Amino acid sequence: MATQTIPAYELNHGSRRHNQQVADRNLHLFAAQQRARRGPTPEVFCCKRMDNSRLVKAADPVRVREMRIFTAAMTVLFVIVMFYGLQHFSAIEYGYKVEAEKQQRTLLEEQNRELRLAEAQLCDPHRIDQMARKLGLDAPKPGQVVRGADQFDTNAPVMAQASPLPIGR
C-alpha cells in the first residue's frame, strides 16, 4: 500500500499555482494506487500543525457531579465486593481448619483407645502375677509386710487442726 505524506504550508506562504501542483500530484498518486490494486481508497496523510494552547476547558458542574456520584458508587461497590470476598475466603479457611481439627480429634481418640487397651493389658493382675512368678517372686508371708502408717513423713502434707486457747493466764 503506497502512502504519501504531503506537507501543508501555511496560507500566506503558499500560492495558487503550488496548490494546483499539489492537487495534480495527489490525483496522479490516487490514480496510480487505483491501478495497482482494486480496493478501498488510498490513505493520504497531511501534516497539519494544531495549536490548542489557546483552548480553555470550561467547567461543567453537572458533569463533575455525575463523575463524583459515579466514583462514590464504584467505591461503595468495590468495598462491598471486597467485604464479601473477605467473608467468603474466611469461611473457606475456617472450613479447612474445622476439618483439620476433626481429623486430629479422630486421631487422638484412636490413640486414647489404644493407650487404654495397653493400660488394661498391663494392669491385669493375672499377668502381673505370672511375670512375678517367672522372676522368682512369691506371695508375701505373714509378718513380712511392714506398713509405714506408724512412721511420720516430714514431706507429707499435714491437715491443720484447731486447738482451744488456754483461758485465764
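Residues numbered from 1 in each chain as written. Predicted model: local features only at pLDDT ≥ 70, side-chain atom pairs only at ≥ 80, totals over all residues. Heavy atoms only, no water.

A.B. asks: Hey, could you run me through the overall build of the protein chain in this one?
C.D. replies: Broken down by element type, the protein chain carries three helices and two strands. Counting from the amino terminus, the protein chain carries its helices and strands in the arrangement β-α-β-α-α. Residue burial in the protein chain is summarised as follows: out of 169 residues, 2% are buried. Here the protein chain has roughly 17200 Å² of accessible surface; of this, 60% comes from carbon and sulfur atoms. (Helix = DSSP H or I, 4+ residues; strand = E, 2+ residues; numbered from the N terminus. Buried < 20%, exposed > 50% of the residue type's maximum accessible area, 1.4 Å probe, protein only. Areas by Shrake-Rupley, 256 points an atom, 1.4 Å probe, with all protein chains shown as cover.)

A.B. asks: How should the pattern of salt bridges be read in this particular structure?
C.D. replies: Opposite charge on two side chains makes pairing possible when the charged atoms of those side chains draw close. Applying the stated rule across the entire model yields six salt bridges. Across the pair Glu66 and Arg63 runs a salt bridge whose closest N-O atoms are separated by 4.0 Å. Residue Glu66 and its partner Arg63 are located together in helix α2 (residues 61-122), separated by three residues, close to a single helical turn. Take Arg63: its relative accessible area is 47%, and that puts it in the partly exposed class. (Salt bridge = Lys/Arg side-chain N within 4 Å of Asp/Glu carboxyl O.)

A.B. asks: What exactly am I supposed to notice about the confidence of the model for the protein chain here?
C.D. replies: When pLDDT drops low, the exact placement of atoms in the prediction is not to be read closely. Counting all residues, the mean pLDDT for the protein chain is 83, and 82% of those residues have values of 70 or more. Within the protein chain, the element-level pLDDT minimum falls on strand β1 (residues 4-7), averaging 55, and the maximum on α2, averaging 96. (pLDDT = per-residue confidence, 0-100.)

A.B. asks: Would you explain a nonpolar patch on the surface in this entry?
C.D. replies: On the surface, a nonpolar cluster with roughly 760 Å² of combined accessible area is contributed by Met67, Phe70, Met74, Leu77, Phe78, Val79, Val81 and Met82. As for its position among the elements, Met74 is in helix α2. (Patch = residues over 30% accessible without salt bridge, like charges linked within 9 Å, V, L, I, M, F, W, Y side chains within 5 Å.)

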